[in-house]
Protein chains: 4
Amino acid sequence: MGEGQGARRFHLSDVAETRLPKLPRRLRLGVVGGGRGAFIGEIHAMAARLSNCFDIVAGALSADPERARLSARDWYIPDDRAYTDFRQMAHAEAAREDGIEAVVIATPNHLHHAVACAFLDAGIDVICDKPLTTALADAVDLVERVRQSGLVFGVTYAFAAYPMVRQARAMVQAGDLGRLRQVHVEYVQDWLTEALPPDHKQAEWRLDPDRAGPVGCAGDIGVHASHLATFVSGLRLTRLRAELLVCGHPKPLDDTIYASARYEGDVPGLLWATQVAPGNACGLRLRLYGDRAGLAWDQENPEVLRLDVFGEPTRLITRGVGAGVGAAATRLMRTPRGHPEGWIEAWANLYAELAVAINARRRGAGVAPGLLDYPSVVDGARGVQFIEAAVDSSKAGGAWVELEERLQ
Amino acid sequence: MGEGQGARRFHLSDVAETRLPKLPRRLRLGVVGGGRGAFIGEIHAMAARLSNCFDIVAGALSADPERARLSARDWYIPDDRAYTDFRQMAHAEAAREDGIEAVVIATPNHLHHAVACAFLDAGIDVICDKPLTTALADAVDLVERVRQSGLVFGVTYAFAAYPMVRQARAMVQAGDLGRLRQVHVEYVQDWLTEALPPDHKQAEWRLDPDRAGPVGCAGDIGVHASHLATFVSGLRLTRLRAELLVCGHPKPLDDTIYASARYEGDVPGLLWATQVAPGNACGLRLRLYGDRAGLAWDQENPEVLRLDVFGEPTRLITRGVGAGVGAAATRLMRTPRGHPEGWIEAWANLYAELAVAINARRRGAGVAPGLLDYPSVVDGARGVQFIEAAVDSSKAGGAWVELEERLQ
Amino acid sequence: MGEGQGARRFHLSDVAETRLPKLPRRLRLGVVGGGRGAFIGEIHAMAARLSNCFDIVAGALSADPERARLSARDWYIPDDRAYTDFRQMAHAEAAREDGIEAVVIATPNHLHHAVACAFLDAGIDVICDKPLTTALADAVDLVERVRQSGLVFGVTYAFAAYPMVRQARAMVQAGDLGRLRQVHVEYVQDWLTEALPPDHKQAEWRLDPDRAGPVGCAGDIGVHASHLATFVSGLRLTRLRAELLVCGHPKPLDDTIYASARYEGDVPGLLWATQVAPGNACGLRLRLYGDRAGLAWDQENPEVLRLDVFGEPTRLITRGVGAGVGAAATRLMRTPRGHPEGWIEAWANLYAELAVAINARRRGAGVAPGLLDYPSVVDGARGVQFIEAAVDSSKAGGAWVELEERLQ
Amino acid sequence: MGEGQGARRFHLSDVAETRLPKLPRRLRLGVVGGGRGAFIGEIHAMAARLSNCFDIVAGALSADPERARLSARDWYIPDDRAYTDFRQMAHAEAAREDGIEAVVIATPNHLHHAVACAFLDAGIDVICDKPLTTALADAVDLVERVRQSGLVFGVTYAFAAYPMVRQARAMVQAGDLGRLRQVHVEYVQDWLTEALPPDHKQAEWRLDPDRAGPVGCAGDIGVHASHLATFVSGLRLTRLRAELLVCGHPKPLDDTIYASARYEGDVPGLLWATQVAPGNACGLRLRLYGDRAGLAWDQENPEVLRLDVFGEPTRLITRGVGAGVGAAATRLMRTPRGHPEGWIEAWANLYAELAVAINARRRGAGVAPGLLDYPSVVDGARGVQFIEAAVDSSKAGGAWVELEERLQ
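Residues numbered from 1 in each chain as written. Chains lettered and ligands numbered in written order. Predicted model: local features only at pLDDT ≥ 70, side-chain atom pairs only at ≥ 80, totals over all residues. Heavy atoms only, no water.

1. Considerations on the relation of the copies chain A and chain D
Reasoning step 1: Expressed as a screw transformation, the operator carrying chain A onto chain D has a rotation angle of 180° and an axial translation of 0.0 Å, and the superposed copies differ by an RMSD of 0.0 Å. The superposition of one copy onto the other is thereby described by a two-fold rotation axis.
Reasoning step 2: Here 100% of the interface residues in chain A have copies in chain D that are interface residues too; the copies meet face to matching face. (Least-squares fit on C-alpha atoms with pLDDT ≥ 70 in both. Contact = heavy atoms within 4.5 Å.)

2. Thoughts on the interface of chain A and chain D
Frequently, the measure chosen for interface size is the accessible area removed from exposure when the parts meet.
Reasoning step 1: Counting residues at the interface gives 42 residues for chain A, matched by 42 residues for chain D.
Reasoning step 2: Both sides of the chain A and chain D interface together cover about 3,300 Å² of buried area, and 51% of this is carbon and sulfur.
Reasoning step 3: For chain A, the biggest contributors to the area lost against chain D are R181, P278 and F310 of chain A; these three give 21% of the whole.
Reasoning step 4: Where chain A packs against chain D, one counts four salt bridges.
Reasoning step 5: Its salt-bridge partner being E243 of chain A, residue R262 of chain D comes within 2.4 Å of it at the nearest N-O pair. (Buried area = accessible area lost by both parts, 1.4 Å probe. Salt bridge = Lys/Arg side-chain N within 4 Å of Asp/Glu carboxyl O.)

3. Focus on the packing of aromatic side chains
Reasoning step 1: Enumeration over the complete set of coordinates arrives at 22 aromatic pairs over all chains.
Reasoning step 2: Pairing F159 of chain A with Y187 of chain A gives two aromatic rings, centres 5.8 Å apart and planes at 85°, and the pair type is edge-to-face. Of this pair, F159 of chain A sits in the loop between strand 5 (153-155) and helix 7 (163-173) while Y187 of chain A sits in strand 6 (residues 180-188), and the two are 28 residues apart along the sequence. A single burial state applies to F159 of chain A and to Y187 of chain A, both of which are buried.
Reasoning step 3: An aromatic cluster of at least three residues, connected via ring pairs, comprises F159, Y187, W343 and W347 of chain C.
Reasoning step 4: The aromatic ring of W400 of chain C is capped on one face by R239 of chain C, whose charged end is 4.5 Å from the ring centroid. (Phe/Tyr/Trp six-rings, centres within 6.5 Å; stacked < 30°, edge-to-face > 60°. Helix = DSSP H or I, 4+ residues; strand = E, 2+ residues; numbered from the N terminus. Buried < 20%, exposed > 50% of the residue type's maximum accessible area, 1.4 Å probe, protein only. Lys NZ or Arg CZ within 6 Å of the ring centre and 35° of its normal.)

4. Observations regarding the sheet that holds strand 2 (residues 54-60) of chain D
Residue and element names in this part refer to chain D.
Reasoning step 1: Taken in spatial order, the five strands line up as 2-1-3-4-5 in an open sheet, and their pairing is parallel. With one partner strand each, in any of the chains shown, strand 2 and strand 5 (153-155) form the two edges of the open sheet. In this sheet, adjacent strand axes meet at a mean angle of 20° when their direction is disregarded.
Reasoning step 2: Here strand 4 (residues 125-128) runs beside strand 5; their pairing, made up of three bridges, is parallel. The residue of strand 5 that forms the bridge with C128 is V155.
Reasoning step 3: Across the sheet, helix 12 (residues 343-363) is in contact with strand 1 (27-32), strand 2, strand 3 (102-105), strand 4 and strand 5; its angle to strand 4 comes to roughly 165°. (Pairing = 2+ DSSP bridges. Axes fitted to C-alpha atoms, helices over the stretch in contact; angles between N-to-C directions.)

5. Structural notes on helix 7 (residues 163-173) of chain C
All names here are of chain C.
Reasoning step 1: Of all eleven residues in helix 7, ten are buried; the element is thus mostly enclosed.
Reasoning step 2: Residues P163, M164, V165, R166, Q167, A168, R169, A170, M171 and V172 constitute the buried set of helix 7.
Reasoning step 3: Of the residues one or two after helix 7, G175 is the one with positive phi, at around 85°.

6. A look at the side chain of E101 of chain A
Residues and elements named next belong to chain A.
Reasoning step 1: By the secondary structure assignment, E101 is in the loop between helix 4 (86-95) and strand 3 (102-105).
Reasoning step 2: E101 gets classed as buried once you look at its relative accessible area, which sits at 4%.
Reasoning step 3: Here the side chain of E101 touches R25 through a polar contact of 2.7 Å, side chain to side chain. (Polar contact = N/O pair within 3.5 Å; in protein donor to acceptor, adjacent residues only side chain to side chain.)

7. What about the interface of chain B and chain C?
Reasoning step 1: Tallying the contact residues gives 42 residues for chain B and 42 residues for chain C.
Reasoning step 2: With both chains or domains summed, chain B and chain C bury close to 3,300 Å², and 51% of this area falls on carbon and sulfur atoms.
Reasoning step 3: Area buried by chain B at its contact with chain C is led by R181, Y258 and F310 of chain B, which between them contribute 21% of it.
Reasoning step 4: Scanning the region where chain B abuts chain C turns up 30 residue pairs in polar contact (both at pLDDT 80 or more).
Reasoning step 5: At the level of elements, strand 6 (180-188), strand 7 (237-245), strand 8 (256-263), strand 9 (267-274), strand 10 (283-290), strand 11 (293-298) and strand 12 (304-309) of chain B are the ones that each hand at least two residues to the side of chain B that touches chain C.
Reasoning step 6: The element contributing the most residues to the side of chain B that touches chain C is strand 9 of chain B, with five residues.

8. So, the sheet that holds strand 4 (residues 125-128) of chain B
Strand-to-strand pairing in sheets goes through backbone hydrogen bonds, with the strands running parallel or antiparallel.
Residue and element names in this part refer to chain B.
Reasoning step 1: The strand order 2-1-3-4-5 describes an open sheet built from five strands, whose pairing is parallel. If you trace the sheet from one side to the other, it starts and ends with strand 2 (54-60) and strand 5 (153-155), each paired once. Averaged over all pairs of adjacent strands, the angle between strand axes in this sheet comes to 20°, irrespective of strand direction.
Reasoning step 2: Each of strand 1 (27-32), strand 2, strand 3 (102-105), strand 4 and strand 5 is contacted by helix 12 (residues 343-363), which is oriented at about 165° to strand 4, the strand it contacts most.

9. Quick word on helix 13 (residues 377-395) of chain A
Residues separated by three or four positions in an α-helix point in the same direction, a consequence of the helix having 3.6 residues per turn.
All names here are of chain A.
Reasoning step 1: With 19 residues, helix 13 extends 27 Å from end C-alpha to end C-alpha; this agrees with the ideal 27 Å at 1.5 Å per step.
Reasoning step 2: A side-chain oxygen of the first residue of helix 13 lies 3.2 Å from the backbone nitrogen of V378; this N-cap is S376.
Reasoning step 3: Among the residues trailing helix 13, G397 stands out with phi positive, at a value near 70°. (Expected span 1.5 Å × (residues − 1).)

10. Regarding the relation of the copies chain B and chain C
Two chain copies, one operation linking them: a rotation about an axis together with a shift along it.
Reasoning step 1: Between the two copies, chain B and chain C, the superposition gives an RMSD of 0.0 Å; the rotation angle is 180° and the shift along the axis is 0.0 Å.
Reasoning step 2: In this assembly, 100% of the residues forming the interface of chain B have copies in chain C that are likewise at the interface, indicating an isologous arrangement.

See the structure below:
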């Protein structure tokens, strides 16, 4: 509770100081993928707008020219910056004086690596969807390119930008839970409960190994679960054994993953993700247990952390200034306690942090240590490592697979 | 349940058709009040941005020149459109070719009427905070001016723009509850539990009769409760008896209101609002009971409606496409089920609806009947009528006071 | 939190000392009313058995001989102690060497007074259902008789015997809430939502003024709400204004009561009870707000108290040893935390306390001060006073009615 | 929902017919183990009393004479039937005309087999705690003895006697969930979070391999989880792989088990039990997912089932007559909807069912098919099989272990 106690007497007007710094102007943003019919493109766009840190001014929203143009108009992008080819866009924008300063990659997974390379090569900072790539070698390649270029590269594990997830991470760091003993995470959905029509745009590419990569559920939502567990616990995943299952209708990729995991210090835990559990829309839930306290968070009720110090009453810590909530969370708040913030706000937090990072890099300026905590290209690569380990273990009948540290 | 059953097999990609129409371009918006230190100004600004229907291009954000300029820069408003006087702003903007097309009034209550008049006179559509005015005569005057001018005038009862509030209203209209028998609403907060420092910007004007009007809690949050009850029930408030109380520290205006109400058809109900109930941040909660079913909604958990058809299991209807959710709610959704939307999203819904109305008016075009359902100047005036009736009843020892129908 | 902190390191085996003392043997109990078809008779019987403090050995369970005999056999009462007349039972049992030591009165309300008199006159301790009587004069008479006889007389406000209600009361007494500012209580049910068949045994007498008394809902459940509010707050009800309403189908007595109340020290509050709110089975809910903290309890989730100290996280205090739970609650527990106790357990607590009182009285022994906290005949009479005040106020159009202190 | 729909218009007075039959008299019950200081003995005793089906008349409550006598007096057992040796008790009671008709075995695990044999040999029906035995061979032996003797033998998986667990089982059987696809169960506690004092009576024997058997957590609570999963799903456990872990302080037996399971038809699921997760008192939680619906139940909130038919609103089915609740649950109810029943009531249901079975056996009468559903000696033996398989798998590094069908 050390994190929050000092903040108790804060009031809303005191919060300004803990907020992220204002930019001198909004940054110019481009988007690749995510045009009409795509689910995630509009989410990126709303987050960028809500953050008030970006203007979306260019896009390669579809390979289909008509769709690309119409999608661009949806977002009030001028026709001459509505591209159909991401390489052309990277060149053209890099050449403009008012060219984009950052790009969002919202394509199907198999294109992430190529698109990222094109924009990194053009010196443009990148915001990329997860999973980072469909092969670990590509992910490692991106880590290397980012290191060499010095560019900003964020990965949209957006759940990690909920204020109360940051609060949870801060509390674990502060020792509020004591030494961690168990890490349990699950991500339970139901949208694949019934066979979807063959033209369902979301299901189509996410279940196609050529575009989604070697896994279905494990790559689509399993990586979120794995990231959240490591992000909040502060512990790296060191080994796992996994079963990739098809519990629902027959399909080319898994719709369910069961894994037993070990985190740094040999801390054990279970990880479960599925897309065929009726009644669960987006049930990403984390439970951590230490020798002093337990902590629980549920994405469908993201404003509240449950803290159970052993031998004391349960505490519900609600997003808001004071009352047990510290700076890591307060920094990312937009509304007072009881005025719910949601998923787009979490995304917008990620965009706001990336804008600060990008602005600082472009001005050659620094950022106060500890101010930003967005998922990096390394976090993205670790997700791909998780996927590969799960595939390897599942193929080996659930044998333990070690995760090398080469991404440190 | 008639509202939602047909929608059961909807998927996210089908929703486009039910959404509000896209505008040809974003509208130009000005803001009066709401500068640095104000709580509600930033909320308006975030809603406008998230809606993607407005660009904020001008503002009279403070009467203090320095504060006005700095506040404008916070929002990237050019210095030459950072006004310090709202009348000057109305004239100047009306004269520009690229002048604002709508204005937001986010000042303390006592200025609403004068600011609204200035912009209505300049032919500019208005988005105004609640309570509409501090005196009923002024509210009636605004109703008349809006009628004569034909301008759009929205009042920011933003809670009424939560998708599940719209769903509730649609279900009542569809008869899912049967004939209504009781209407219970409460709005419970705790921010005035302890005496605030004298310079607390929020408390300062909200507790000052010269700026807040004749009531404190009743005007600040009681009107929200009263509006929500009438909006969802579809029943006008016809009479009430009220006690205006100071339950917390001595203060010049009430911090608590208890009222017994009668709605059209003599349907009874209780209304309770307070700002001194520890543990309640923004507890706006509505419960309606009919002869067929009961319905409950809580603003702190706004994604869920509880429906209890007598003799059947409780149903939890969650925001999302299908599963009992109909068009009135679906139209205002941004994210799929389980990906929480919050309070800013509700505000942005209001902004999106007003943008459609303003765009249509300016183009001389119509809007499909039933498409828009934002609170109007009449709804705002009814709120002032509620306040006056509460004051009159409380002064008369809790006697019944009738609410005339002249605002129909 | 002072109540519980010291108890933190308690374990289950430590609890024995805080428990009620064991009796040397089970007491002999008789029952009047509550035979086959009655709802409440079986509840009394289960409570007596679970308490392990009583054996039910005699009964006048019905005026109908056949029903009386069959009902007695249901409880394994010998035929020769299955009476049809309560006066006969009082005489016969008083004359037996192994006669009953206490009697339960579970008849319709209008008989409570006469039955109580018969057994008090016979020197037998009484456990009586609420409301105590149908007229205040009768209630005052019983108070006087109990005083003069020195007999034990408990009234079955059984909700007051939930451990966490005792915990709430102890916390208020200990000052955990600070000075009380508001007392809100509601008791919401739905069983009268639809018109019941004319032979429905429960509805029949409860809606008959000749047997139920001058009120319906207010007497059946309103008195529970009123008692709970005063029991936990520790504040006497001093005045109220009330509306007795029929919100559901036409019926001879109210199915709904709205009241504005004032408690000692002029602390205000609302009281609402209704039987026609679909989705509410037994929604007795109490919320107290002080200048330091708020507290909430809900009978349908009786194991948990919600405590909100202003400026701190919400605390959920769960029934169980330690973790914020003190002696007043621990004394009445049967199972460890997380192993739910329910409504019959609360009843059994009342029976256990009354057994200790009755045993002590019969042995001429005392009871440790503060050990017992069951509702007395005075509490019962106060309930009747509440009913009379509600009737008077409602008839007078909702005027304030003072409650005299003559029952102190 | 087929289970409940027909029951919609039931009222409390209609329930009598669905209840278990009344016995002509209470049965005489003896108890072995469970004396003063034991946690579970008093639970058995309360259940027996609440059921109103048994009188406790004899006991071997402790091997220590003084403790045995005092414990017996706690329950008003006459001194001459307070035994210190279970074999002596079996003989003596079998010889009495008014001897016990059934015995409860509430000793530490390692004695279950010997005690059960003594009473079975004496022709006395048995109610035995779980796990049935500490070795599978002993369990198989008991199955055989029960078959040959024709005696009644119930095992106290009491959670399976909650009405809403019965309702869940009935709904699965009725096909409300469609074909089952996943079975998830967890049993999470925290009482071993900190090292307990060496003389802690509960921890002492439960962590001693000589008395608890080959496992700690897996045998104490894992078997409950495993039983619940199979009981509600109606599917036998066919294979599993398990890790037995010590997550908390060093101790001789596991405090945590992770298992991946396969049920009949190769339906997969996870099973997790732990005793070191702060904030979880008795978190036994089951989630089943079929191709039509999902279902969830939580022991700490046992009155409610959550049913999610895919594409429909969530349904909360609450214990009570009608409203989706069918005969299997209604038969075991004591109180109306909203008047909480708890854990002791579940135990009492088990006792009531066993009393019907014992009474019928002793009279040579039959029982209506489907009326009783208590856990049998075979269910007990399956629990021991689960334990052995978990031990074998854990020793083999988490290899799959098949569970033979010899207990069918």
